[in-house]
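Breakdown of the fold
Each chain is listed here by its residues.
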Amino acid sequence: METDKGIILFDGVCNLCNKSVNFIIKRDKRKYFYFASIQSEIGQTLMEKYSIGGDVDSMILIEDGRAYTHDQAVLKIVSNLPFRWRLFKVAYVLPRSLRKACYQLVARYRHRFFGKSDSCRLPSKEERAQFL
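Now for a look at the structure at hand. Please read these numbers as outputs of a predicted model, since none were measured by experiment.

Analysis parameters
Residues numbered from 1 in each chain as written. Predicted model: local features only at pLDDT ≥ 70, side-chain atom pairs only at ≥ 80, totals over all residues. Heavy atoms only, no water. Pairing = 2+ DSSP bridges. Helix = DSSP H or I, 4+ residues; strand = E, 2+ residues; numbered from the N terminus. Axes fitted to C-alpha atoms, helices over the stretch in contact; angles between N-to-C directions. Contact = heavy atoms within 4.5 Å. Expected span 1.5 Å × (residues − 1). Buried < 20%, exposed > 50% of the residue type's maximum accessible area, 1.4 Å probe, protein only. Parallel < 35°, antiparallel > 145°, perpendicular 65-115°, else oblique. Nonpolar A, V, L, I, M, F, W, Y, C, P; charged D, E, K, R; others polar. Phe/Tyr/Trp six-rings, centres within 6.5 Å; stacked < 30°, edge-to-face > 60°. Lys NZ or Arg CZ within 6 Å of the ring centre and 35° of its normal.

1. Section: the sheet that holds strand S2 (residues 33-37)
Spatially, S2-S1-S3-S4 is the arrangement adopted by the 4 strands of the open sheet, whose pairing is mixed. Both outer strands of the open sheet, S2 and strand S4 (66-69), are each paired with one neighbouring strand and no more. Pairs of neighbouring strands in the sheet enclose a mean axial angle of 25°, with direction left out of account. Where strand S3 (residues 59-63) meets S4, 4 bridges bridge the pair, whose relative direction is antiparallel. When the sheet's bridge partners are listed, Ile60 is paired in S4 with Thr69. Sitting on the sheet, helix H2 (residues 41-49) touches strand S1 (6-10), S2 and S3, and the angle it makes with S1 is about 110°.

If you want it as structure tokens, here you go:
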């Protein structure tokens, strides 16, 4: 699927990922992002198309024909949110290895600390147009 918008793939059963999606939707006034769970058919198709390994299972951004994972995905996502959230881009001054390690630490323990749902998140009526 080619689009001029960003596509966020997320772990549909992860409570932290679902809260992140809610956070983004609430602040994405331009409706720039589309969303799909990694577990969905379209999510799996996009993972394969962009050669994203099965070890990446939390948050992925597909934008301008390229897939971003880990900390890079998060920093690219905040770049498209209102100004005050863009301030988090200051994290680019940190070494990439440190940013990635911090992200992976949170990702590894996200189910333990934030919980896990039995099923994927379903969009509300208002959100359906943004979900693939």
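More follows now that the structure is in view.
2. Some words on helix H1 (residues 15-27)
For H1, with 13 residues, the first-to-last C-alpha span of 19 Å sits near the 18 Å given by 1.5 Å per residue. Of the residues making up H1, those classed as buried are Cys17, Asn18, Val21, Ile24, Ile25 and Arg27.

3. Observations regarding the packing of H1 against helix H5 (residues 96-114)
Angle between the axes and distance between the axes: these two values describe a pair of packed helices. Contact geometry for H1 and H5: axes closest at 8 Å, N-to-C directions at 100°. Here H1 lies roughly perpendicular to H5, going by the angle between them. Side by side, H1 and H5 meet where Asn15, Leu16 and Cys17 of the first sit next to Val106, Arg110 and Phe114 of the second. Within the contact of H1 with H5, the residues separate by chemical class into 4 nonpolar, 1 polar and 1 charged.

4. Quick notes on the packing of aromatic side chains
Where two aromatic rings form a pair, the distance of their centres and the angle of their planes describe that pair. One pass over the full model with this rule turns up 5 aromatic pairs. Seen from their ring centres, Phe10 and Phe131 are 6.4 Å apart, and the 85° between their planes marks the pair as edge-to-face. Of this pair, Phe10 sits in strand S1 while Phe131 sits in the segment after H5, and the two are 121 residues apart along the sequence. An aromatic cluster is defined as three or more aromatic residues linked by ring pairs; in this entry it consists of Phe10, Tyr32, Phe33, Phe35 and Phe131. The aromatic ring of Tyr34 is capped on one face by Lys5, whose charged end is 5.1 Å from the ring centroid.

5. Description of the packing of helix H3 (residues 70-78) against H5
Where H3 contacts H5, the two axes come as close as 7 Å, and the packing angle between them is 95°. One finds that H3 runs roughly perpendicular with respect to H5. On H5, the residues touching His70, Asp71, Gln72, Val74 and Leu75 of H3 are Arg96, Arg99, Lys100, Tyr103 and Gln104. Within the contact of H3 with H5, the residues separate by chemical class into 3 nonpolar, 3 polar and 4 charged.

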